[in-house]
2 protein chains.
Amino acid sequence: MRSDALCALLVRRGEAPFRGRWALPGGFVRVSESVDAAAARELVEETGVFGLHLEQLATYGEPRRDPRMRVVSVAYLALAPDLPVPVAGTDAAAASWVPVSEVSTLAFDHARILSDGVERARAKLEYTPLGTEFCGAEFTVAELRRVYEIVWGISLDPRNFHRKVTGVDGLLEATGETTTRDGGRPAALFRRGPATALHPPLVRG
Amino acid sequence: MRSDALCALLVRRGEAPFRGRWALPGGFVRVSESVDAAAARELVEETGVFGLHLEQLATYGEPRRDPRMRVVSVAYLALAPDLPVPVAGTDAAAASWVPVSEVSTLAFDHARILSDGVERARAKLEYTPLGTEFCGAEFTVAELRRVYEIVWGISLDPRNFHRKVTGVDGLLEATGETTTRDGGRPAALFRRGPATALHPPLVRG
């Protein structure tokens, strides 16, 4: 999240095909490395970003998705707070955080892959405490709600959200402190609880 | 499920490497077909089973997982009731439903892939109404519990299970009828409700 927008890390292609077009970072697997390792290597080579937990999203294997030859792409997803400004490298002409809502066309079938990734991210907020990782160590329910609103791309009713998140086992722990940093009345400060999955899930909307 | 056991559809390899060893059905993607289409084609060629919804499980891409050459495998999962007895074909010497608990070694890294698939199946029973598809059109809570016990591989407390499943929105609809086919007292008959995801989920155990 940058400037209150859900962003994807994209590169501007420096070579054909789709030269000059935005694309997801990526490249070819070397014969002696695993597919997982190739994903991490290409990410750091093209953007300078490293050390993330990459999870497999899906594999894209339609016959004519790359005009050069038959290419099957294994897509990975990483979701993390406080990521650095990227540094373009190897065959990327530029690398940048781009608000997902402003992405129009991408090279190859990358728009579909990005769309699948965004949907996975949105679902993870329903079922896991991931959203709390995008808040500070201590945060208000309004701050957590803002994370959900940005990722889900919708406005949420404050009272309804408060009732839901405080009803999830182990999601939030009260610190006993309050803050007025939101600019309104004193609001309770929470920290992450021990939950690793949300029961009940925070159904969208 | 066959004879009260969770089973996987395996083939006995007719060719090297791992000749004679049990393996997951599969094969190489043709240059003009999608990876998804290849999975469905190989399944019918090697086992005679067709018409299933195959979902991607994961992609396995370690460098030396196939002794012949570099092979990346995209694994698919299908879960369905009432599947036919398989018919071995092409390079499979035999095809059979094998209880997952009796599977020991498999060719290549297929034991790990099967283990990942079983875990995905177990998780789907927590979050989706999939289990009801393995019951008849009208079923008792005890019959549904048996499905969960078989897939999860554990015994479940009948009262606890009854309380949980009847507390899930839209999972079950009472038919108003009862049956004594379980051999005990008359038990209420249910049919599938409209739920597509379970709220709350049926946490294992």
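Being a predicted model, the structure only gives us computed values, none of them experimental.

Parameters at a glance
- Residues numbered from 1 in each chain as written.
- Chains lettered and ligands numbered in written order.
- Predicted model: local features only at pLDDT ≥ 70, side-chain atom pairs only at ≥ 80, totals over all residues.
- Heavy atoms only, no water.
- Helix = DSSP H or I, 4+ residues; strand = E, 2+ residues; numbered from the N terminus.
- Buried < 20%, exposed > 50% of the residue type's maximum accessible area, 1.4 Å probe, protein only.
- Contact = heavy atoms within 4.5 Å.
- Axes fitted to C-alpha atoms, helices over the stretch in contact; angles between N-to-C directions.
- Parallel < 35°, antiparallel > 145°, perpendicular 65-115°, else oblique.
- Left-handed = near helix turned anticlockwise from the far one by under 90°.
- Core = buried A, V, L, I, M, F, W, Y, C linked by side-chain atoms within 4.5 Å.
- Least-squares fit on C-alpha atoms with pLDDT ≥ 70 in both.
- Expected span 1.5 Å × (residues − 1).
- Pairing = 2+ DSSP bridges.
- pLDDT = per-residue confidence, 0-100.
- Buried area = accessible area lost by both parts, 1.4 Å probe.
- Polar contact = N/O pair within 3.5 Å; in protein donor to acceptor, adjacent residues only side chain to side chain.
- Salt bridge = Lys/Arg side-chain N within 4 Å of Asp/Glu carboxyl O.

**As for the side chain of A:Glu149**
All names here are of chain A.
Stage number 1. Mapped onto the secondary structure, glutamate 149 falls in helix α3 (residues 141-152).
Stage number 2. Under the relative-accessibility criterion, glutamate 149 is labelled buried at 11%.
Stage number 3. If sequence neighbours within four positions are ignored, glutamate 149 has contacts with Ile154, Ser155 and Leu156.

**Brief notes about the packing of helix α2 (residues 110-127) of chain A against α3(A)**
All names here are of chain A.
Stage number 1. Interaxial distance between α2 and α3 falls to 9 Å at its minimum, and their mutual angle equals 150°. Accordingly, the angle class assigned to the pair α2 and α3 is roughly antiparallel. Crossing geometry of α2 relative to α3 is assigned as left-handed. Counted together, Ala121, Arg122, Leu125 and Glu126 of α2 and Val147, Tyr148, Val151 and Trp152 of α3 form the full contact between these two elements.

**Some thoughts on the side chain of A:Glu46**
Stage number 1. Position of A:Glu46 relative to the elements: it lies in helix α1 (residues 35-47).
Stage number 2. Excluding residues within four positions of it along the chain, A:Glu46 makes contact with A:Val11, A:Pro25, A:Gly26, A:Val87, A:Ala88, A:Gly89, A:Thr90, A:Asp91, A:Ala92 and A:Ala95.

**Focus: the nonpolar core**
Side chains that are nonpolar tend, in soluble globular proteins, to be buried together.
Stage number 1. With 35 residues, the main nonpolar core has B:Leu144, B:Tyr148, B:Val165 and B:Leu172 as its most contacted residues.
Stage number 2. Discounting residues that sit within four places of it in the chain, B:Leu144 has contacts with B:Gly131, B:Thr132, B:Cys135, B:Phe139, B:Phe161, B:Val165 and B:Leu172.
Stage number 3. In this structure, A:Ala75, A:Leu77, A:Val141 and A:Leu202 belong to the second largest nonpolar core, which totals 34 residues.

**Here we look at the relation of the copies chain A and chain B**
Stage number 1. When chain A is fitted to chain B, the best match, at an RMSD of 0.0 Å, comes from turning it 180° and sliding it 0.0 Å along the axis. What the rotation and shift describe, once combined, is the action of a two-fold rotation axis. Within chain A, the C-alpha atom positioned nearest to the axis of rotation is that of A:Pro200, 2.7 Å from it.
Stage number 2. Both copies present the same face, since 100% of the interface residues in chain A are matched by interface residues at the equivalent positions in chain B.

**Structural notes on helix α2 (residues 110-127) of chain B**
Residue and element names in this part refer to chain B.
Stage number 1. Helix length check: α2 (18 residues) gives 26 Å between terminal C-alpha atoms against 26 Å at 1.5 Å per residue, within 8%.
Stage number 2. Within α2 the residues assigned to the buried category are His110, Ile113, Leu114, Gly117, Val118, Ala121, Leu125 and Glu126.
Stage number 3. Residues of α2 that are buried make contact with β1 (7-13), β2 (22-23), β3 (55-60), β4 (73-77) and α3 (141-152).

**Remarks on the sheet that holds strand β2 (residues 22-23) of chain A**
All names here are of chain A.
Stage number 1. With antiparallel pairing, three strands are arranged side by side in an open sheet as β2-β1-β5. Edge positions in the open sheet fall to β2 and β5 (92-99), since each of these has one partner strand only.
Stage number 2. Direction of pairing for strand β1 (residues 7-13) relative to β5: antiparallel, over a ladder of seven bridges. Following the sheet pairing, valine 11 is matched in β5 by alanine 95.
Stage number 3. Where α1 meets the sheet, it contacts β1 and β5, and its direction lies at approximately 70° from that of β1.

**Some thoughts on the confidence of the model for chain A**
Should pLDDT be low for a region, the predicted coordinates there are not to be read in detail.
Stage number 1. A residue-level look at chain A finds 100% of positions with pLDDT of 70 or above and a mean pLDDT of 93.
Stage number 2. Complex prediction metrics read pTM 0.90 and ipTM 0.86.

**As for the interface of chain A and chain B**
Stage number 1. Listed by partner, the interface residues are 20 residues for chain A and 20 residues for chain B.
Stage number 2. Counting the surface lost from both chain A and chain B, the interface buries some 1500 Å², and carbon and sulfur atoms represent 57% of this.
Stage number 3. Sorting the residues of chain A by area buried against chain B places A:Thr59, A:Arg70 and A:His199 first, and these three jointly supply 28% of that buried surface.
Stage number 4. Counting across the chain A and chain B interface gives 11 residue pairs in polar contact (both at pLDDT 80 or more).

**Some words on the pattern of salt bridges**
Residue and element names in this part refer to chain A.
Stage number 1. Counted under the stated rule, the structure contains 32 salt bridges over all chains.
Stage number 2. The closest approach of N and O atoms between arginine 146 and aspartate 4, which form a salt bridge, is 3.4 Å. One end of the pair, arginine 146, is in helix α3; the other, aspartate 4, is in the segment before β1, and 142 residues separate them in sequence.
Stage number 3. Put simply, lysine 124 and glutamate 55 hold a salt bridge, and the shortest N to O gap is 2.8 Å. A residue pair is termed long-range when its members are at least 10 positions apart, and lysine 124 in helix α2 and glutamate 55 in strand β3 (residues 55-60) qualify at 69 residues.
Stage number 4. Classification of lysine 124 as partly exposed rests on a relative accessible area of 22%.
Stage number 5. Classification of glutamate 55 by relative accessible area gives buried; the value is 18%.
Stage number 6. Because the salt bridges share partners, they merge into one network encompassing Arg30, Glu33, Arg41, Glu42 and Glu45.

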